[in-house]
Amino acid sequence: MNLFATLADKPWLAQPAPPPDEAARRMPAARVGVLWLLASLTALFSLFAVAFLIRAQLPDWEALAGGAGRPLASLAPLWVNTAWLATASVTLQAASLFARRGRSGALRAALAAGALSALAFLAGQALVWQQLIAQGHFIATNPSASFFYLLTALHGAHLAGGLVAWVHVARRAWRPAADARLALGVALCALYWHFLLAVWLFVFALLAAEPATLVWLAEICGLR
Amino acid sequence: MVLAVALILVTVASVLFHFLSPWWFTPLASNWKLIDDTILITLVITGGVFVAVNLFIAWALIRYRHRPGRRATYEPENKKLEGWLTIGTSLGIIAMLAPGLYVYTQMIRVPEDAIVVEAVGQQWQWRFRLPGEDGRLGRTGAAFVSLDNPLGLDPDDPDGHDDLIVPGPDLVLPLDRPVLVLLRAHDVLHNFYVPQFRVKMDLVPGLVSRFWFTPTATGRFEILCAELCGVGHWNMRGHVEVVDKSAYREWRAALPTFGAVLAAAADDGLDEAARRGRELARERGCLACHTLDGAAGIGPTWQGLYGAERPLADGRSVRADADYLAEAIRDPNATLVAGFPAIMPRVDLSEAEVDALVAFIRSLGAPTAEAQGADPMPPGDAPAANEAAHGAPR
Amino acid sequence: MTHDADTHHEPSSFWTRYVWSQDHKVIAIQYTLTAIAIGLVGLVLSNLMRLQLGFPGRFDFIDAAAYYQYVTMHGMIMVIYLLTALLLGGFGNYLIPLMVGARDMVFPYLNMLSFWVYLLAVLVLVASFFVPGGPTGAGWTLYPPQAILPGTPGTDWGIVLMLASLVIFIVAATMGGLNYVTTVLQARTRGMTLMRMPLTVWGIFTASVLALLAFPALFVAGMMMLLDKLAGTSFFMPAIVSMGRELGHEGGSPLLFQHLFWFFGHPEVYIVALPAFGIVSDLISTHARKNIFGYRMMVWAIVAIGGLSFVVWAHHMYVSGMNPYFGYFFATTTLIIAVPTAIKVYNWVLTLWRGNIHLTVPMLFAIGFICSFVLGGITGLFLGNVSVDIPLSDTYFVVAHFHMVMGVAPILAIFGGIYHWYPKVTGRMLDERLGRLHFWVTFLGTYAIYFPMHYLGFLGMPRRYYSFEDYAFIPDSAQDLNAFITVCALVVAAFQFLFLFNLVWSAFRGKPAESNPWGATTLEWQTPETPPRHGNWGEALPVVHRWAYDYSVPGAKRDFIPQTEPHEGAPPGTDEALAEARP
Ligand code: HEM
Ligand SMILES: [Cu+2]
Ligand SMILES: [Cu+2]
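Note that the structure is a prediction, hence the values are computed from the model and not measured.

K.L.:
Is there a simple way to think about the packing of aromatic side chains in this case?
P.N.:
Where two aromatic rings form a pair, the distance of their centres and the angle of their planes describe that pair. Enumeration over the complete set of coordinates arrives at 83 aromatic pairs over all chains. Residues F439(C) and W440(C) carry aromatic rings whose centres are separated by 5.0 Å and whose planes lie at 70 degrees to one another, so their mutual orientation is edge-to-face. Among the residues examined, F439(C) registers a relative accessible area of 0% and is labelled buried. The partly exposed category is assigned to W440(C), whose relative accessible area is 21%. Both rings, one in F501(C) and one in W505(C), keep their centres 6.4 Å apart while their planes meet at 25 degrees; by these two values the pair is stacked. Residue F501(C) and its partner W505(C) are both found in helix α14 (residues 476–509); the two are separated by four residues, about one turn of the helix. If you follow R237(B) out to its NZ or CZ, it ends over the ring of Y471(C), 4.1 Å from the centre. Seen from the ring of W353(C), R354(C) lies directly overhead, with NZ or CZ sitting 4.3 Å from the centre.

Dropping the structure here:
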């Protein structure tokens, strides 16, 4: 369906009636709803990124990474967490596959693995927080640190929200009766996880960027 | 029908109101006639549209009102009509936008020969500074703000020493000379607005904003703050006085330089501890409640406090000696002075800091009436009164 | 659509039916009543402000701090908690499923949650009246640094509760918005193509999309300010000396907040305006018995305005100290957006032209809307054009402008909408005489309030002033005008209670309504029962055969043809014929 063609319709003219199976060809409402949710979240995180870039141009900014003594002098813990989140994404994708094939045993295992890796990710993020605090990098120490705490917390909160949806889906997956909408639920869970993985990679890249990269980014975006 | 008549009346009344209204722009006192002209263009175009639309509706209401047997025409769209209306509207828009942007270009292009004035806003007062001989304004920073240096000039920047400090909230400007106003704020947003000059601009803490104009009429004009800045926003008063060149030169010549202000402050007869106490009193917010000039505050004034007999809330009375004062600072609500609420917060202070504060209070003098010789300290020249005039926030 | 079967059964207990209801119609009413309740608070606050402005010093309980709290709460309540909630949560909820031929919203549970979260946001907001220090007095724009520094009322609790309430509201609005958008896209009944939808649905749909994309900006700004306030961060806070004390902040940018706020704030104007545009289009078309003039242009204009509304935000910041070169861009985009807006006005007016105009109460309000909106729109051309804005910004000209364009105009559209759809919602007509009285007082009263107010702005009187005493440039006559405006405001406010009375009284005693009292074409008037029952459509969903504006079609028996009526002479064997043949 071409949007422009649709908008050019002259609706007052008699049109051929739509085929009776029109509804069946439409995307499931739940998927559309999730896609719009992701659009809204994209706006949210993009605006945070813009705020980040603008704030990073001001003189008191100290980059998080790039040098000993900096809060993110070692990115290793965050890479480990990233691996956990990626694992969650992959296992949930597998779960989605199993759900479509109707392999409920494998589905349950994959679902559980997905949630556990997500929890591991959250725990890992909490650990990084703890380390930063132990090193004396508090939320108000520098705006870069403020953004670090804020963005990781917000991302974590969205992941936690995803876990609520996961519980919803898992309850059905563990029920013995066949459930036609289960596969859709699992697929949407996986989609949401992929999205949060992408957001995390984006946030991670911003937070760990060298000052020069930030300047360059800001220039591209016309913020300098 | 009634509605049609009402619409016609509303339109006519609006037009009449426009021409008869005693409320209109104040007489222009700057070079920005261009702005007034653009407004006039906008008014004519939009006013025409306003009248036309309303009268058209009224006419349609009468002409096409429901009557038995009437049937509306069926016309889903009329590309040609819609096209013409779009083109007409676009032309009208261009007729407003083009002059608007032209004027704007003038507004942001500052003339080379403009004199520079700095206006600084603070809840809820105006201050001004002019560059001195060297034509340059010295560096500033929030960290330098103090009772003696309310504008926050950097004392180590030689450029700043000859800057002229305007005492009080009234600025004087010469006639017919472009003025570039640089704007700074210490605390919150403010906005420098003189209706007769037409232009205005926000003062934003953390950056220097600017605008320019040329005063073209002598007189005394009110400065209004046009950006909400707290409960005193409506009452942040100041004036711009536009005078001829020689009067301006005279006024300018009488202004103290920052260097002179600093020297006078260093010469205040305070010892090291008292001076430190004075800064502490400001930094730690004591002066939010305690005044230095004997005026009533949320807490007792510090003027003449040292050595005075203090009536306490429990009926006793004590002498405000160094020990009492130190105790009252450390543990505010242990002893309560009669007539004041127990709201003073406990502030984290070192021993040395408490001593400094006591020394400062002591420097503010003993009670004049009962100077019973109990005060061993040479009172010096208490700087209290003029201090409070510009230092104590209320 | 996907679950016809399971939303069909009617909930049985009182609780599931009226309180924890998942029926879009009940939720719509819940939203509407809550919004009206909090809107009354906003109305009372505006009258208190007017008392101070009209008769300064006469009411000593209104001190400067209280005045600023009233301004702030009034503005925020009216824009967010009344208009946004009522237009999307109220009208959107009620009308979308009915107008597109769905049994309910696609996510009824989420829909219910949306209301309860909204109610929570309202309660948190109201709570701020009762905390120490009272609600925030930072102005509805909540600009930092002032919003979180001493010198402004409510900087301890008030501002925190305000931000918390906004964050909660955004969650509610997002849940609602997802529902409205998805329902429009996925749950339209057979034959309801996008271009056959009534403009009301187009308006609410586009507004919901804007809400989904714009509210995040408010969320970002609100979160960052909360941290500046509670955790001592410096997102928006530069080095500051407040009340003689140097604060621990450094390097932040107050302008960043303003950009974020208005990136939300301007689309917010259209979140309120677009549904009103839609509603008014349908009212005018129905009551002038004529198809809306230039339907396609109207749809395009809605979409264009929605898109453009994201690139005009800094017209609120011409005097903010931002880079002055931005002024060129934003003045140009702002004036460009005036073109599609003007087209909408023309098309409403041209719908009246050669119509068959019935001056019913909804029609009165719709025409009142056009008149108010035109006035508010043309003054927008002053404020959008940067060099004209500079003398006028932050004066009463602005107050008059935004009240006309996004206060009075949408409110009139809402009233019109309520008079129009009330018979469908309750099965009874609102009392007509009370309605007319309500219209005349509201329309003429608000005009009398705001038209002269522009001239106080020309004079240069700044907005958000507690008092104008001892300002030499303000003549005494301005005070008389202010007193006059206050009297008008009190009268207008008092007559709103007449409307409330009408709402309640007519629900029980009103004249029983037919199922389609206005002779309208759209689906909501074709339900098997009035008011529609749970599930809306009885056994079978309606099938749509034509657009929403077949009024006075030449040759037709009646002067309207419902959307469900097939075109005559559809060749046998086509789908149309099949649909007919089905029982
Ligand atoms: C009869 C109805 C109303 C009256 C008498 C009224 C009156 C006022 C007054 C006196 C002010 C303060 C002006 C100032 O001090 O600068 C104000 C501000 C405001 N009003 Fe209204 N108002 C009414 C309805 C509305 C409606 C329906 C809206 C919805 C958009 C609205 C939105 C606002 C906003 C956003 C502000 C600005 C608040 C601020 O400056 O922070 N008002 N109103
Ligand atoms: Cu102010
Ligand atoms: Cu705007």
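Next comes the rest of the account.
K.L.:
Honestly, the interface of chain A and chain C in this entry has me stumped. Any pointers?
P.N.:
Size of an interface, as often reported, equals the accessible area lost when the parts are brought together. Residue-level contacts link 40 residues of chain A with 48 residues of chain C. Carbon and sulfur atoms make up 72% of the area that chain A and chain C hide from each other, which totals about 4000 Å². Contact with chain C buries surface across chain A, with L7(A), R26(A) and W36(A) losing the most and accounting together for 16% of the total. Counting every contact that joins chain A to chain C gives zero salt bridges.

K.L.:
Which parts of the structure should I look at to understand the site of ligand 1?
P.N.:
All names here are of chain C. What surrounds ligand 1 is a group of 24 residues, the closest being Y67, H74, W140, H403 and R464. Contacts to ligand 1 include Y67, whose side-chain N or O atom sits 2.6 Å from an oxygen atom. One of the side-chain nitrogen or oxygen atoms of R463 is found 2.9 Å away from an oxygen atom of ligand 1. Elements with a minimum of two residues in the shell around ligand 1: α2 (24–54), α3 (64–100) and α12 (396–426).

K.L.:
Honestly, the environment of F52(A) in this entry has me stumped. Any pointers?
P.N.:
In this structure, F52(A) sits in helix α3 (residues 29–56). In this structure, F52(A) is in contact with W61(A), F147(A), L151(A), L206(A), L207(A) and L214(A), ignoring residues within four places of it in sequence.

K.L.:
Can you walk me through the pairing of strand β8 (residues 209–213) of chain B in this structure?
P.N.:
Regular strands place side chains that alternate from one sheet face to the opposite one. Residue and element names in this part refer to chain B. For β8, the buried fraction is high: four of the five residues fall into the buried class. Judged from the five bridges that link them, strand β5 (residues 179–185) and β8 form a sheet pairing that is antiparallel. Bridge pairing in β8 places V179 opposite F213.

K.L.:
How should I be thinking about the environment of I41(B) in this particular structure?
P.N.:
Note on placement: I41(B) falls in helix α2 (residues 33–63). For the pair I41(B) and V354(B), spaced 313 residues apart in the sequence, the C-alpha separation amounts to 66 Å.

K.L.:
Would you explain the side chain of S209(B) in this entry?
P.N.:
Tracing the backbone shows S209(B) in strand β8. Among the polar contacts listed, one links the side chain of S209(B) to the backbone oxygen of D202(B), at a separation of 2.5 Å. Apart from residues no more than four positions distant in its own chain, S209(B) is found in contact with V181(B), L182(B), L183(B), M201(B), D202(B), L203(B), V204(B) and G321(C).

K.L.:
Mind showing me how you'd approach the coordination of the copper ion (ligand 3) here?
P.N.:
A metal bound by six donors in octahedral fashion has ideal angles of 90 or 180 degrees, whereas one bound by four tetrahedral donors has an ideal angle of 109.5 degrees. All names here are of chain C. Those donors, H266 (ND1), H315 (NE2) and H316 (NE2), are the protein atoms that reach the copper ion (ligand 3), and they lie 1.6 to 2.0 Å from it. In this structure H266 comes out as buried when scored by relative accessible area, which is 7%. Judged by relative accessible area, H316 falls into the partly exposed class, the value being 31%.

K.L.:
Is there a simple way to think about the sheet that holds strand β10 (residues 238–243) of chain B in this case?
P.N.:
The strands that make up a sheet pair up through hydrogen bonds in the backbone, lying either parallel or antiparallel. Residue and element names in this part refer to chain B. In spatial order, the strands read β4-β10-β9-β6-β7; together these five strands make up an open sheet with mixed pairing. Strand pairing shows two members of the sheet lacking a second neighbour, β4 (170–174) and β7 (200–203), which therefore form its edges. Averaged over neighbouring strand pairs, the angle between their axes works out to 25 degrees when direction is ignored. Across five bridges, β4 lies against β10 in parallel orientation. By the bridge assignment, P174 is partnered in β10 with V243. Taken strand by strand, helix α5 (residues 245–253) contacts β4 and β10, and its axis lies near 135 degrees from that of β4.

K.L.:
What's the story with the packing of helix α7 (residues 254–287) of chain C against α12(C) in this structure? I'm lost.
P.N.:
Geometrically, a packed helix pair is captured by the angle between its two axes and the distance between the axes. Residues and elements named next belong to chain C. Where α7 contacts α12, the axes come no closer than 9 Å and their chain directions differ by 45 degrees. As summarised for this structure, α7 and α12 are arranged oblique, according to the angle between their axes. Pair α7 / α12 crosses with left-handed handedness. Here V269, V272, A276, I279, V280, L283, T286 and H287 of α7 come into contact with α12, specifically with M406, P410, A413, G416, G417, H420 and W421. When grouped by side-chain class, the residues that make up the contact of α7 with α12 number ten nonpolar, five polar and no charged.

K.L.:
Honestly, the packing of α12(C) against helix α13 (residues 432–459) of chain C in this entry has me stumped. Any pointers?
P.N.:
Residues and elements named next belong to chain C. It is at 8 Å that the axes of α12 and α13 come closest, and there the two elements cross at 170 degrees. Put simply, α12 runs roughly antiparallel to α13. In this structure, the crossing between α12 and α13 has a hand that is left-handed. Counted together, Y396, F397, V399, A400, H401, H403, M404, V408, L412, F415 and Y419 of α12 and G435, H438, T442, F443, T446, Y447, Y450, M453, H454, L456, G457 and F458 of α13 form the full contact between these two elements.

K.L.:
Which parts of the structure should I look at to understand the sheet that holds β8(B)?
P.N.:
Residue and element names in this part refer to chain B. Pairing is mixed across the open sheet formed by five strands, whose spatial order is β3-β2-β1-β5-β8. The sheet is open, and its two edges are formed by β3 (164–166) and β8, each paired on a single side. Averaged over neighbouring strand pairs, the angle between their axes works out to 25 degrees when direction is ignored. Inspection of the sheet shows strand β2 (residues 125–130) paired to β3 by three bridges, in the antiparallel sense. Within β3, the residue paired with L130 across the bridge is L164. Contacting β1 (115–122), β2 and β3, α5 runs over the sheet at an angle of about 95 degrees to β2.

K.L.:
What am I meant to see in α12(C) here?
P.N.:
Side chains of residues three or four places apart in an α-helix project in the same direction, reflecting 3.6 residues per turn. The principal kink in α12(C), of about 40 degrees, is found at H420(C), preceding the proline P423(C) by one to four residues. Counting buried positions over the 31 residues of α12(C) gives 27, a clear majority of the element.

K.L.:
Could you clarify how one ought to interpret unusual backbone geometry in this entry?
P.N.:
Most peptide bonds are trans, and most residues other than glycine sit at a negative phi. Residues and elements named next belong to chain C. Going from P144 to P145, the amide bond is cis rather than trans, its omega being 0 degrees. Following the sequence through the fold, P145 ends up in the loop between α4 (108–127) and α5 (158–186). Of note, the amide linkage connecting T530 to P531 takes the cis form, showing an omega dihedral of -10 degrees. On the secondary structure map, P531 appears in the loop between α14 and α15 (575–581). Phi is positive for L142, close to 50 degrees, though the residue is something other than glycine. Within the element layout of this structure, L142 appears in the loop between α4 and α5.

K.L.:
I'm lost on the pattern of salt bridges in this one. Help?
P.N.:
Opposite charge on two side chains allows them to pair when their charged atoms are near. The tally for this structure, following the rule as stated, stands at 25 salt bridges over all chains. Salt bridges sharing partners connect three or more residues here, namely E118(B), R129(B), D163(B) and R184(B).

K.L.:
Just to check I follow, could you spell out the interface of chain B and chain C for this structure?
P.N.:
Across the contact, 101 residues belong to chain B and 123 residues belong to chain C. Overall, the association of chain B and chain C removes approximately 9400 Å² of surface from exposure, summing both partners, and the carbon and sulfur fraction of that is 68%. Three residues stand out in chain B for area buried against chain C, namely W23(B), Y74(B) and W234(B), and they jointly supply 9% of the buried area on that side. Scanning the region where chain B abuts chain C turns up two salt bridges. The partner of R354(C) in a salt bridge is E75(B), with the nearest N and O atoms 4.0 Å apart. One can count 36 residue pairs in polar contact (both at pLDDT 80 or more) joining chain B with chain C. Where the side of chain B that touches chain C is concerned, the elements lending two or more residues are α1 (2–20), α2, α3 (79–108), β6 (190–193), β7, β9 (219–225) and α7 (272–283) of chain B. For the side of chain B that touches chain C, the element with the most residues is α3(B), which contributes 17 residues. Here the side of chain B that touches chain C is built from residues that sort into 57 nonpolar, 26 polar and 18 charged.

Criteria and thresholds
Residues numbered from 1 in each chain as written. Chains lettered and ligands numbered in written order. Predicted model: local features only at pLDDT ≥ 70, side-chain atom pairs only at ≥ 80, totals over all residues. Heavy atoms only, no water. Phe/Tyr/Trp six-rings, centres within 6.5 Å; stacked < 30°, edge-to-face > 60°. Buried < 20%, exposed > 50% of the residue type's maximum accessible area, 1.4 Å probe, protein only. Helix = DSSP H or I, 4+ residues; strand = E, 2+ residues; numbered from the N terminus. Lys NZ or Arg CZ within 6 Å of the ring centre and 35° of its normal. Contact = heavy atoms within 4.5 Å. Buried area = accessible area lost by both parts, 1.4 Å probe. Salt bridge = Lys/Arg side-chain N within 4 Å of Asp/Glu carboxyl O. Near = heavy atom within 4 Å. Polar contact = N/O pair within 3.5 Å; in protein donor to acceptor, adjacent residues only side chain to side chain. Pairing = 2+ DSSP bridges. Donors = N, O, S within 2.8 Å, 3.2 Å for Na, K, Ca; no water. Axes fitted to C-alpha atoms, helices over the stretch in contact; angles between N-to-C directions. Parallel < 35°, antiparallel > 145°, perpendicular 65-115°, else oblique. Left-handed = near helix turned anticlockwise from the far one by under 90°. Nonpolar A, V, L, I, M, F, W, Y, C, P; charged D, E, K, R; others polar. Bend = angle between axes of the 7 residues up to and from the residue.

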